[in-house]
2 protein chains.
Amino acid sequence: MPEHEAEPRSRRRDSAATRAALLDAAAELFGERGFDRTTVRDIAGRAGVNQALLFRYFGSKDALFAAAMARRGRELLDDSPAEQLLGRVLRQMLDNESLKLIDHPMYAVLRSSGHDHAATAIRQELGEEYASALAALTDAEDARVRADLVLAWLLGIALLRSVHGKEPLASAKPDDVAGHVLRAVRVLLERADTELPPAE
Amino acid sequence: MPEHEAEPRSRRRDSAATRAALLDAAAELFGERGFDRTTVRDIAGRAGVNQALLFRYFGSKDALFAAAMARRGRELLDDSPAEQLLGRVLRQMLDNESLKLIDHPMYAVLRSSGHDHAATAIRQELGEEYASALAALTDAEDARVRADLVLAWLLGIALLRSVHGKEPLASAKPDDVAGHVLRAVRVLLERADTELPPAE
DNA sequence: CTGCGATGTAAGCGCGTGCTTACATAATTC
DNA sequence: GAATTATGTAAGCACGCGCTTACATCGCAG
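Since the model is a prediction, treat every value here as computed from it, not as a measurement.

This part takes up the overall build of chain A. Broken down by element type, chain A carries ten helices and zero strands. In chain A, the order of α-helices and β-strands from amino to carboxyl end is α-α-α-α-α-α-α-α-α-α. Considering chain A as a whole, with its 200 residues, one finds that 49% of them fall into the buried category. Once local pairs closer than 6 in sequence are excluded, the contacts in chain A between residues at least 24 apart make up 65%. Carbon and sulfur atoms make up 50% of the accessible area of chain A, which totals about 9800 Å².

Before going further, it helps to spend a moment on the relation of the copies chain B and chain A. Mapping chain B onto chain A leaves a residual RMSD of 0.4 Å; the transformation is a rotation of 180° accompanied by 0.0 Å of translation along its axis. In symmetry terms, the pair is related by a two-fold rotation axis. When the interface residues of chain B are mapped onto chain A, 89% of them are again interface residues, pointing to one common binding face.

Sequence positions flagged by UniProt for "DNA-binding region" (unreviewed entry) are, in local numbering, residues 39–58 of chain A. Within the segment residues 39–58 of chain A, helix and strand shares are 80% and 0% respectively, and the terminal C-alpha atoms sit 15 Å apart.

Attention now moves to the packing of helix α9 (residues 143–163) of chain B against helix α10 (residues 174–189) of chain B. All names here are of chain B. Orientation of α9 relative to α10, taken along the N-to-C sense of each, is 160°, at an axis distance of 10 Å. As judged from the angle between their axes, α9 and α10 are roughly antiparallel. By crossing handedness, the relation of α9 to α10 is classed as right-handed. When α9 is examined against α10, the residues Arg-146, Leu-149, Val-150, Trp-153, Ile-157 and Arg-161 are found in contact with a partner set consisting of Pro-174, Val-181, Ala-184, Val-185, Leu-188 and Leu-189.

Rules used in this analysis
- Position numbers for residues start from 1 in each chain and track the written sequence from start to end.
- The lettering of chains begins at A and the numbering of ligands begins at 1, in the order of writing.
- This being a predicted model, a pLDDT of at least 70 is required before a residue's local features are given, and a value of 80 or more before pairs of side-chain atoms are given or counted; all residues contribute to the totals for chains, interfaces and linings.
- Values reported for side chains reflect all heavy atoms of the structure, with hydrogen atoms and water molecules removed beforehand.
- By definition, any uninterrupted DSSP run of H or I lasting at least four residues is a helix, any uninterrupted run of E lasting at least two residues is a strand, and each is numbered from the N terminus.
- Burial classes: relative accessible area under 20% of the type maximum marks a residue as buried, over 50% as exposed, and values in between as partly exposed (1.4 Å probe, protein chains only).
- Throughout, a contact is declared for two residues whenever any of their heavy atoms are within 4.5 Å.
- The accessible surface values rely on the Shrake-Rupley method and a 1.4 Å probe; as for residues, cover is taken only from the protein chains in view.
- The atoms used to superpose the copies are C-alpha atoms, taken from residues with pLDDT of at least 70 in both, and the fit is least squares.
- UniProt positions are given in the numbering used here, feature names are shortened, and annotations may be inferred rather than shown by experiment.
- Axis definition: a line fitted to C-alpha atoms, over the contacting stretch in the case of helices. Angles run 0 to 180 degrees between N-to-C directions.
- To sort the angles, those under 35 degrees are grouped as roughly parallel, those over 145 as roughly antiparallel, those from 65 to 115 as roughly perpendicular, and the leftovers as oblique.
- The crossing is said to be left-handed when, going from far helix to near helix, the turn is anticlockwise and less than a right angle, and right-handed when the turn is clockwise.

Set out below in structure tokens:
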């Protein structure tokens with residue numbers, strides 16, 4: 001039974017659905033293979049859509065990449081209070097049976113390093129948002145540098161574990177990994193000259 | 001005045017020099033642009049060599065990539081005792097006026113995380129070697145997992161700072177960054193079953 | 001019903017890619 | 001010096017890429 005929302009008009013020709021299908025397929029494929037190794041024909045194929053429509057609706061492969069990144073970038077951020085952000089992101093990265101989150105823009109970014117305008121802008125934006133949230137966790141003067149270091153660690157772990165499948169990290173128990181990281185990060189975020197408050 | 005080594009034979013036709021020029025150019029370009037966005041014509045052009053020779057001497061673009069990675073990947077590893085390895089890698093990554101080390105394989109790997117070249121094998125080898133060296137720094141049971149986490153951090157920092165130029169990390173003072181990282185890593189590599197100093 | 005814009009489709013264009021081939025010339029061997 | 005091999009060169013082949021074009025079909029307003 002098809003959904004019946006505020007649009008009683010026919011479903012057979014539905015540009016919104018076509019756009020959405022293209023964005024979904026693009027997010028998946030860019031995450032799996034990176035920008036350069038993903039073809040517009042691949043995307044249209046997985047979306048079940050004629051590839052000419054990709055250009056009609058998005059203009060170019062670049063623009064589609066940017067649109068796909070923008071759509072899903074903020075998910076983890078939105079509903080996480082700052083203190084839990086790091087833990088939640090770690091859990092998401094580590095917990096999944098290695099597939100649940102593969103279409104998150106982080107993986108597309110990791111596999112597309114080298115790409116310009118669109119990707120760069122998005123990476124900056126995404127980075128700024130996560131870094132800002134992380135910076136709120138410390139009151140040190142160079143909070144944002146430290147936050148960048150945390151972000152770098154998260155990206156590096158995702159890269160080594162999920163993209164490159166490095167062992168033993170890839171098979172390590174999520175709780176162990178998270179424990180190590182959180183313990184070290186707690187030290188990282190301490191003010192150099194004060195005692196730290198009770199963790200978490 | 002050309003160099004005169006153990007090879008008094010002519011310089012005008014010198015396959016060894018041609019190979020070396022190709023490897024140098026390849027290391028630079030792969031580091032700057034990644035695998036997919038580097039052309040065999042680019043490489044031959046920068047090396048000042050006919051591109052057909054690239055295939056005569058290395059067989060394929062994949063194989064050239066692997067050869068270039070293998071040649072320079074072990075430099076830091078070979079002449080650094082384990083205790084100094086982390087510090088040296090950090091210094092090299094952070095110190096350079098952002099260009100000195102761009103042809104190190106690490107950057108080629110970071111910009112080429114797409115997939116499945118022949119270079120996968122050599123990349124894994126190098127990863128193992130660095131991880132092993134780092135694992136020697138702790139006697140914890142899960143030393144290798146912790147070492148992977150350190151390696152992940154190094155990769156993430158290089159990615160965020162040098163590949164993407166994320167601020168404020170990219171402009172942070174090397175000593176500050178190194179200090180933060182070393183302090184946190186010291187905690188990471190401590191044995192989990194020993195008591196921690198007053199913190200927590 | 002008619003006309004028209006929105007949506008979907010098939011075919012293909014131009015170009016850059018990795019790689020190969022056919023050949024020229026320098027170096028070496030006899 | 002002739003024959004042979006090592007090294008360098010120019011041209012181009014086959015293919016996949018991003019993107020475009022020309023057209024069919026649908027939904028709907030009049």
